[in-house]
Every structure is written in C-alpha cells, then in structure tokens.
Amino acid sequence: MSRRRNWGAGEFGTTSTAAGEPKACEGLSTWHVCENAVPSGLDNHVNEALFALGNGFIGVRGTFEEGYAGPLNSKGEVPSEQGIFINGFYDEHVIKYPEVGYGQPEKDSVMLNVTNSKIIKMTVDGEPFDMYHAEAKVEQYYRQLNLKEGTLTRELVWTSPKGKKLKLETLRMVPLDENRKNVYVQEYVVTPLSENIDSIVIQSEMNGKVTNKPQSKDPRVGAGFTGQVLKMKRRAAQDPKYSFIESRTTCSNLSLMCGMANTMTYDDKVVEPDCSEIDEQAIRHEFTIPVHKKKDAKIVLRKYVVYVSTQCFRDEEKSEGDCSEYVEKTASKVLKQTMSVDFSKLLDEQKVFLANYYETATIDIKGDDMLQQGLRFNIFHLLQAVGRDGITNVGAKGISGEGYNGHYFWDTEIYILPFFLYSRPDIARNLVQFRVGTLDKARQRAQELGGIKKGALYPWRTIHGDECSAYFPAGTAQLHINADIAWAFKQYMEATDDTELLIHGGAEMILEMARFWLEYGNWSPAGHFQINCVTGPDEYTCLVNNNYYTNIMVQDALSYAVDIAYQLRYEHGAAYEQLCSKISLDESELNEMKKAADKMYLPYDKYIGVHPQDDSFLQKKPWDFENTPADKYPLLMNFHYLVIYKFKVLKQADLVLALLLQSDKFTENEKKVNFDYYEPLTTHDSSLSTAVYSVVAAEIGYYQKAYNYFKCTARMDLDNIHNNSQHGIHTACMAGTWMCVVRGFAGFSVYNNVVHLNPYLPQEWKGYSFKLTYKGAVLKVEVNSKTVVYTCVNGGRINFVHGNTQKIYLKKGRSKEVLLKDKFEDLTTLNFDSVVIDLDAAIPTIQQCHFESWREVLTTFFEQKLDIKNCGLNSGFTVNDYLKDLRNQIASHRFAGLETFLKKTTGLDIPVGSSHDLPGYDTLWALGNKKTEVFRKMIEENPPQASLEMLQLFKTLKNEGMKLGLVTYSKSGESLIQNSGLKRYVDAYVTGTEMGALGLRGKPHMDMYERVVEQLFTDASRCVVIINDPIGFDPVKIARFKYSISFPSPIVEKQPWTAEELAVIEQDHHRIGIQKVVKDLPSCLNVDVMDEWVTNSEPYEDRIARIYEDGSKKRAGSFQRMPSFTVS
C-alpha cells in the first residue's frame, strides 16, 4: 500500500498533544484550547507554541512561569524553549559556504530570543514549587487558551513533598490593541489550602542571558549563532518597583530595553518587594509573605513587562547614545502608563478588541465542533502573528517559535494577505506597505545577481529586506516571489481602490518587478517569451526551465504592470510623469512588457492532456510511493536533494496552485485533468499544500476530497499533523483554513472587479456563515441546508454574482435569500442521486470472455510446457477454477490465484516475473499479458453487448434524473464501454488504464468507485453501487455508500444460479456489508424499487455496528471467498 499521505482520501492521522484528545475542558469548547494534565516531552514542547500569545510585535511562548523540569525527550534534550520574540528584531551572522558563489547572500538574519521576563518562581517554607517533583502531587490541573478573551490561564492544586498544600492560578495576556503593543501582563495568584505553611517567597525575574537554538540537522530549525549574541549593555532600577535591562545585538546594532514592574497584595494588603540582583544579567523582585499557617487568604502578584526596540526608527539618523536614551524613556513611560490602568480594564480592553476583530474575521460552522475550534484557533493566531506597523510582516512560524528563524516568505502574499484583505483590509495594507518599503533592497538584490541592469527582485526569505536564503536552488531561484507580490497587490487594489498607496510606491514596485522579468527572461526561436532556470512552489523540483506556475503568474504580473501604468497616465497624469522621471520609464518598456505577456510560453502536452509543471517534469520517473515507508516523510529529511530532484514527485501544490490563483484561465475540465494528474504525485510535505488542494477540489466537484483536505488544514497545529508544531505554528496553513471555506466551499472569487459567490454546504455540516469586506462594504454570507442569505451589514452597497448567473445588488441593512445551488442535486422524492455500476454486472458476458481467454492461454501453455497434446485442460479448467483461484484471490501479488492453480493442478512453480514480460516467457506476468492479448482480440472480433433489458435499465435511470457511472478494472475498459452501447447513458467512468495512472487501489479499497462518484459531482452517501463480485472488498468502505447491491452474474451465459447457490452467495455478501443480492438485474430493478430499498435500509451507524459484530470481527480481505459451485 502506498505510504503517500493521502489526505484527500481522509487518511491523515492526528498526533495527540498534551493530555487529552482533543484538547478540552470538560467537553470540547470551540472558544478554548485546553490541556487537562501536566504535560511532558513532545506534548509540552508543542503546547508551548500552541499556547503562545502575541500582538504582532511581542510574541511570548506558552512556557510555564517557573520553567520546565519534566522528562527529557528521546534525544536527551529538554523539550522546552523559553521564547520571547520581537517581530523583526534580529541579529546577523556570516553564512559559511563550503564554496562561495557569486551573488550568494553573505549574511543571514535571525529573529532573536530576547530578555526572558516571564520568570516567576515560588518556594513554600523552603520547598521550590515544582509540578514534576516525584514526591509532589498535582490535582485539578488545567491550562486554557481563551480565544475570546486572549488570555492564557492555568489552575492547579499542588501538595509539596512535605505536605504543604496550595492552589495556584496564573494568567498571561499580551494586549492586541496597537496602542499597547509594547507591553504584556501576568497575574500569579496563590491560595494556601493547608494550615501548615509559615511563609511563601515569590520571585519575579527578568533575565538577559538568552540564546537561540543552535544549527540542527533539520534545515527548518536552528540559527548559525554560537553562544549569546544579544548582549546585556546595562541595567537600571528607577525605584524598587521599576527595573530595566538594556541589550544590544552583536552585528545588526539594534537596541532593546526590557522593563519590569510588580505589585503584590496579600489578603488585600499591599506587599512591598525587595529588589536584588541574581547575577550580572538578571534582576529579581522578591516578595516574602508570612502566612503564619493561615489558609484561604490570596496572594496576588501582578507583573507588567514592556519591550521597546530601536527597530521602529532604524532608518532615522540617531547616535547610539540617543537610541539608548530613547528606548529607556519610552519604556519607562509605557510601563508607568500601563500600571496606571486598572488590571481588569486591561482584560476588558482585550475582550472588546477581539470581539471587534471576530465581527468581520470569524467563520461559524454548525455541525463539527472540532473543526470550529480549529478555525477559531487559527484565526486567533493569525491576528497574534501579523505585524501591523508597515515595517514588519508575518513570519512562517509567526512569533511563536524559532522555526525558519523568524523569516518572512511568500506565505504572506499568497495565503495570509487574502485573509486580512477581506476581513481587516487595514492590516492587509500594512503587509503591502512592507514590500513597498523594502523596494530599494529588492533593486539591490536584482543587481547582485549580475547581468541584471534594471528591475527589482524581492528576497525569498527575509526580515528587513535582505535575502537570507543560503540554499539558492530552493531560495533565490524561487523568482516567482516577484509575481506573488504583484498578484497580492492586484488583489488588494481590486478590493480597496487604494489610489494613495498605488501612487506612493505601489505602481513603482509593480513596474520595477516587471522590469526584472524582461531582464531575466528570454525570447525563444519560436517567438515565445520564456523564463529559464527557476524553481516553482514545489521545492522537490528545482532549477528548471519554464515552470508553468511561474510563467502564468509572470504573464499576469506583466499585464497588470501595463494596466496600472496606463491607469496612472490617464487618471493621475502628474503622478505618472513624476514616476516615469524617477525610474526612467518609457513607452518602449511598456510595449515590451505587453508583448512578453502576450507571448508567454505556457506549455501543454496534448498526449496526456495536462500542462507540464516544467519542461522536464513529464520525462522523469515517478517516485516509488508504494515502497516508501511512512517514516521516510518528509522526503527532504531522508533523501539527498539530487535523489528527490530526479523523480516525478511534489512537495506541495505547484501547477495546482496556478489552477487556483489563475482560475479564470482554465476550463473546469482542464482543472480536473491536471488535478487528477498531479494529486497522486504530491506528498504534501509542506503545510502550504493541503489548503490549495482543498479549494481546487471544491471547484471541480471533488467535494469529499475538498472536505478531507480542509480537515487536515484546519487542525494542522492543534493535532501536530506535521510533527513540527513545537518550533512554531504554521501561519500560512492557518490562513489556508479560511481559503478552504470561503474560496472553496463558498466559491468566493473576484474576476475583473466583480465578486462571485457560488456556495455549497458540506454534507457533514448544518450550515456556516462568514463576512467579507469589499470596497468598504461588509457582506454577511449565511449558508443553510437549502438557501443562502446575503446581508449587507455595513458600508454603502455591494454588487456580486451568485451561482455564476444571478446578479445581486444590496444596500446597507438589506438581505437577499436565494436557493442554494445544491451541487448534490438533492432530489425531493429520492434518497439518492446516482448509481455506479460494475461493468461486469452491466455486461455479464464479459466474464465469459475472461474465462474463455484464460482457458485458451492455459491450454496452449500446458501443451507446450508439458509437451502433452490434449492434456484435458479444455474440460478440466472449469468455472469453479476460475471463480475460486484466478478471479477472486486477494493475496500478495496480482497473479497469486494463477500461481495457486498451477501448483495445484500440475505442480509447476512459475516465477512471478514483471509487467514487462512478453507473451512466451515462462512467468506468471507473461501468461497474464498473453491472456490480455487474447481477451482484447476476442472482444474486438465479437464485442460483448449489453442486453436490451440492461440498456433499458440505464435509459430508465437516466430519464429519472440519475447520474450514472461505470467501473471496470480492465485495461480494455474504454473499448468495452464504447462498444457495449452504454456509453451514451453514462456520465463518468474509470477503467483499468486510469487506475494505474491515477494511483487508485484495487481490492479491498473502493478507490475506483469513489473516483467515479467524484466525477459525478456527488458523494458516496448519496450513491447506490451495484457490484458484480464484492468478495474481498472492505465492508466498512462499502458501507460508506448509500446502498449496495450485488449481481453475481454466472460465468456461463444463460446458466443461472440455483436457489441453493444463490442462498450461499447472499449469506457471504451480506456478511461483507452488501444490502441486497439480486439474480436478475435488469428485470427486477427500477428507480421505484431502488428507492424503496434505500428508504427501508438500515442507517450507516447500524451497518457499521453489524459489520464489526460479525463473528469473524475482521476487516479487509479476511472474509470467505466465493464458494465452489459445479456448473455444467
């Protein structure tokens, strides 16, 4: 079985995280993420990232105030990272190359782990508080991330080794309001519960001795630093309440001031601190509380922390002394202002801010609390991660961990910006502004490549505008970053009409990126514009010519550059003249851009009907997924790059991403053909992949795949599906969750400045709703079982197209309810909408042909091999042999049944051979290939025909509005269907040829039937299947279909089963989940009969229960084979 992560088929597992599957506090809450027991090992490490708090500037990992003292991980390492990060605050190190190459980045920038201000430690009569102490006892533990309130809380009852008992409650909050972005607060509440406690000492600390993780074997984790690079410069204590530590980076020359203040009460009385130094890099505020054996009186510590860095004015001319003075004054001012506000008011402000945010950003679903929790968790973390000041951005791991060194990627433009654009366009503007603000660095980078005279090239990974990727094949070579930024800017302008940003930097950025393409690309002898030696989104295929995604995105970017130049010329002439003068732009360049766009090379392979991912992709050998164990994924951690690059295998969506971002340039059939080709080749080793496949699957009607990919995307971090969430959450994947619902299920898109919506309701849900912000208007979309309600809740008015046909105009406060375009065609009188039939059931004489083909081949083989004439095989090879051995064997290889038959009848032990063995070889495969040759000749000379009764059945089903599909495992299936007379009635079919090409599996799986269901744009739960020979299929997979019928057609034509034989067949078939066995398919079947069977059938849950309650209690392939019958 293939080990490829087949998430589209719902075959993804979850990795439990700390203490509980799922994380829940007395039942799953969609607004909370909780752990119910003290975490250790990987669970603790992962939850530090999941429980991280942030506000786009400060990021605080969810570590315990006292630190982690639990078990080490399997590598002997402490599974904890005491991380506090400042978005965009970095230091640099020289990249050490084994061989230095021209134009390679000289330095890497790394987001630093900064002064640790979370530390709060407690001793009880000299015993340190330690949840992991072997002799201590922890009860009533839970920790909770509150997504509505933006707080992390912990509560527990602790009994020390000496029997001292107390309750501890902690709270942490990082204010999201931009006016308080420099601060975060903590509350630490201790309640003695026993009368044997004399005194409690609480120490609140900040420590400047911090480092980043060192370089590791995982290229996604670890910095190239040695030791401490953020050095403490000085400490300051203005009075016992306020303390400060100033630190400075080693290379980037950035300063950071961390300030701390603490207040404490005991039994509502103020307790003053003593301020003492621990060592030269730390300050501690210590409180001693004489409890005197009194219980139930609360000790309340409130800690206020501030961070101010020089990055906010790094482009201004300030001396080192000025910077130092500035950060201290600012930190002191902010800290005192924060302390002047009542603590409860700070908490209330956070609630109000989040309520306003969720008003336009949230997605509400009815029917699945696990996915609702995942959606809310992701939307919350996106707000925490995004820089909102125009000079910072969104890291791939947000500010929740050290993964990817805090770098910004294309993730922002393709995944994250669309989410904010249609929910908080003000935040989207800041993300665009970041790229505009680093345009000069992009111009410089283009020049560094050499041979590039004009234009700008943005870095693949960066913090402050410089390229930080040391491995250029999967870094700088991903030139599509330019086109990604242009695409995002185009989306932004369509949704906001922000002319000010267009004039002040936006147009200049777009035109400079377009200039780069004219410099880098070239004209082919055939007159096409080509882009060679690039890497597309798929990082398992590097340095190729004419990556399709890159070319089509560049085509769009070049056309857009010409469009906005003309827009400026005609609408803002003075600004256009000023821009042309500034960058020396002339008409000839615009003409060249238009020509390059018009003549862009976009290859198409007419033989297989797909667009090649690049010029060489189709010539490569497919990766051997079948023999790649699950522990070898991700491939990049287990195989050399050269090994991966030479195969036809994808890390993530590449051409399929082009189908999404340039959707209007492909027909639905083109999307389907390309999706079918590339999906089986995709490992989804990147967390960016599943969201794209979900959206495109929804567009082409593969609704179950779309839903399965969505499930994986929505809980990527909560369930640690990629096993690396401990290094930080996956921001792009989180934004991809929004894409799955809004772009996928709701069919949202914008073409030529027109909003389109085409919603459908996933069968697992009862409804869902969300809001879209577009050109100042806010549209609420509520999708129910039968209708969709659109309401303009804010702004002036909004115009859009529903279902590709209906134009709707809404003013503020107006609603419109329209019928939901039910893509499952919910019939009012029937419980199903489609029938998928095994071709062998539709044309029973096919089995006769198979039988006769085997008889001819084996007769000849025996005569030649044994040198015996008239060996008697003609009469000796019976239908029993065919049924029992050759046809129904489910074993180690395709011809195990033939192998069994030969050994049993002659004692011959023939080698298996390979599929390439020619007829005449003494191998099982050679005999099989000879049989196929004889079978094809037989059906060409005398094509098996569907009976008139069968044709009438198909016609009747079609006239009743049924969607019809056919399944055949024969590689001659196309010819069989064409010649049978059935093709004109069927809507979709899959043959043995597509089975191999699409990576579909045979028994015990139902892949072939499921693929036809997808092609019918329906779902298994609405489909009736008619199977000729169900023995060997997985009963649970059969039970997924609405109803299952078997038609065990006899092999010998016009030789019906006896009543006794049929009774045995019925017993066997019912045991594996078949609900109805019929012996005369056409005459007994019609829509009314089928509807009656379906209506009276047992529910899915009961079917599953019955299957598992069967005496054998076994799954796939373990049931009895077809019994032996004597057919005369």
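Presented here is a report on the structure given in the accompanying data block. (Residues numbered from 1 in each chain as written. Predicted model: local features only at pLDDT ≥ 70, side-chain atom pairs only at ≥ 80, totals over all residues. Heavy atoms only, no water.)

**Comments concerning the overall build of the protein**
For step 1, the next point in the chain: Assigned secondary structure in the protein consists of 33 helices and 38 strands.
For step 2, the next point in the chain: The buried share of the protein, reckoned over its 1128 residues, is 61%.
For step 3, the next point in the chain: Once local pairs closer than 6 in sequence are excluded, the contacts in the protein between residues at least 24 apart make up 69%.
For step 4, the next point in the chain: Summing over all exposed atoms, the protein offers an accessible surface of approximately 43,300 Å²; the carbon and sulfur share of this is 48%. (Helix = DSSP H or I, 4+ residues; strand = E, 2+ residues; numbered from the N terminus. Buried < 20%, exposed > 50% of the residue type's maximum accessible area, 1.4 Å probe, protein only. Contact = heavy atoms within 4.5 Å. Areas by Shrake-Rupley, 256 points an atom, 1.4 Å probe, with all protein chains shown as cover.)

**A few points about the pattern of salt bridges**
For step 1, the next point in the chain: Tallying each qualifying case throughout the model produces 53 salt bridges.
For step 2, the next point in the chain: The partner of Arg 1001 in a salt bridge is Asp 1007, with the nearest N and O atoms 2.8 Å apart.
For step 3, the next point in the chain: On the accessibility criterion, Arg 1001 (15% relative accessible area) is buried. (Salt bridge = Lys/Arg side-chain N within 4 Å of Asp/Glu carboxyl O.)

**Details of the packing of helix α16 (residues 689-699) against helix α17 (residues 703-714)**
For step 1, the next point in the chain: Look at α16 against α17: their axes get within 8 Å of each other, and the N-to-C directions meet at 155 degrees. The angle between α16 and α17 places the two elements in the roughly antiparallel class. Crossing hand, α16 versus α17: left-handed. For the pair α16 and α17, contact is made by Thr 690, Ala 691, Tyr 693, Ser 694, Ala 697 and Ala 698 and by Tyr 703, Lys 705, Ala 706, Tyr 709, Phe 710, Cys 712 and Thr 713, respectively. (Axes fitted to C-alpha atoms, helices over the stretch in contact; angles between N-to-C directions. Parallel < 35°, antiparallel > 145°, perpendicular 65-115°, else oblique. Left-handed = near helix turned anticlockwise from the far one by under 90°.)

**Quick word on the sheet that holds strand β32 (residues 815-819)**
For step 1, the next point in the chain: On the basis of which strands lie adjacent, the open sheet formed by 5 strands has the order β20-β27-β28-β29-β32 and antiparallel pairing. Edge positions in the sheet fall to β20 (363-366) and β32, since each has one partner strand and no second. If you compare each strand with its neighbour and ignore which way they point, the axes differ by 15 degrees on average.
For step 2, the next point in the chain: With 7 bridges joining them, strand β27 (residues 767-774) and strand β28 (residues 777-783) adopt antiparallel strand pairing. Among the inter-strand pairings, Phe 770 is bridged to a residue of β28, identified as Val 781. (Pairing = 2+ DSSP bridges.)

**As for α17**
For step 1, the next point in the chain: With 12 residues, α17 extends 16 Å between its outermost C-alpha atoms, agreeing within 8% with the 16 Å of an ideal straight helix rising 1.5 Å per residue.
For step 2, the next point in the chain: A large share of α17 lies buried, amounting to 11 of its 12 residues.
For step 3, the next point in the chain: Among the residues making up α17, those that are buried are Tyr 703, Gln 704, Lys 705, Ala 706, Tyr 707, Asn 708, Tyr 709, Phe 710, Cys 712, Thr 713 and Ala 714.
For step 4, the next point in the chain: Along its buried surface, α17 packs onto α4 (369-385), α15 (668-678), α16, α18 (731-745) and α28 (1007-1015). (Expected span 1.5 Å × (residues − 1).)

**Focus on helix α12 (residues 587-598)**
For step 1, the next point in the chain: Compared with an ideal rise of 1.5 Å per residue, which puts 12 residues at 16 Å, α12 spans 17 Å between its outermost C-alpha atoms and is within 8% of the ideal.
For step 2, the next point in the chain: Taken as a whole, α12 has its buried residues at Glu 589, Leu 590, Met 593, Ala 596 and Ala 597. Within α12, the buried residues cover an arc of 125 degrees as seen down the axis, which keeps them to one side.
For step 3, the next point in the chain: At its buried positions, α12 is contacted by α9 (499-520), β21 (522-523), β22 (529-530), α10 (548-571) and α11 (573-583). (Arc of directions from axis to C-beta.)

**A few points about the nonpolar core**
For step 1, the next point in the chain: In this structure, Tyr 307, Phe 420, Phe 710, Leu 757, Trp 765, Tyr 768 and Tyr 790 are the most contacted members of the largest nonpolar core, which totals 206 residues.
For step 2, the next point in the chain: Those residues within four positions of Tyr 768 in sequence are excluded, and the remaining contacts are Asp 364, Ile 365, Val 741, Phe 745, Ala 746, Pro 759, Tyr 760, Leu 761, Pro 762, Val 781, Glu 782 and Val 783. (Core = buried A, V, L, I, M, F, W, Y, C linked by side-chain atoms within 4.5 Å.)

**Re the sheet that holds strand β4 (residues 84-94)**
For step 1, the next point in the chain: If you walk across this open sheet you meet the 4 strands as β2-β3-β4-β5, and the pairing is antiparallel. Looking at which strands have only one partner, the edges of the open sheet turn out to be β2 (53-54) and β5 (107-113).
For step 2, the next point in the chain: In terms of strand pairing, strand β3 (residues 58-60) meets β4 through 3 bridges, oriented antiparallel. Its bridge partner being in β4, Val 60 is matched across the sheet by Ile 84.

**Side note on the environment of Phe 625**
For step 1, the next point in the chain: With respect to the element layout, Phe 625 can be found in the loop between β23 (621-622) and α13 (641-645).
For step 2, the next point in the chain: You can call Phe 625 buried: its relative accessible area is 9%.
For step 3, the next point in the chain: Taking the C-alpha atoms as reference, Phe 625 lies 9.3 Å from Pro 680; in sequence the two are 55 residues apart.

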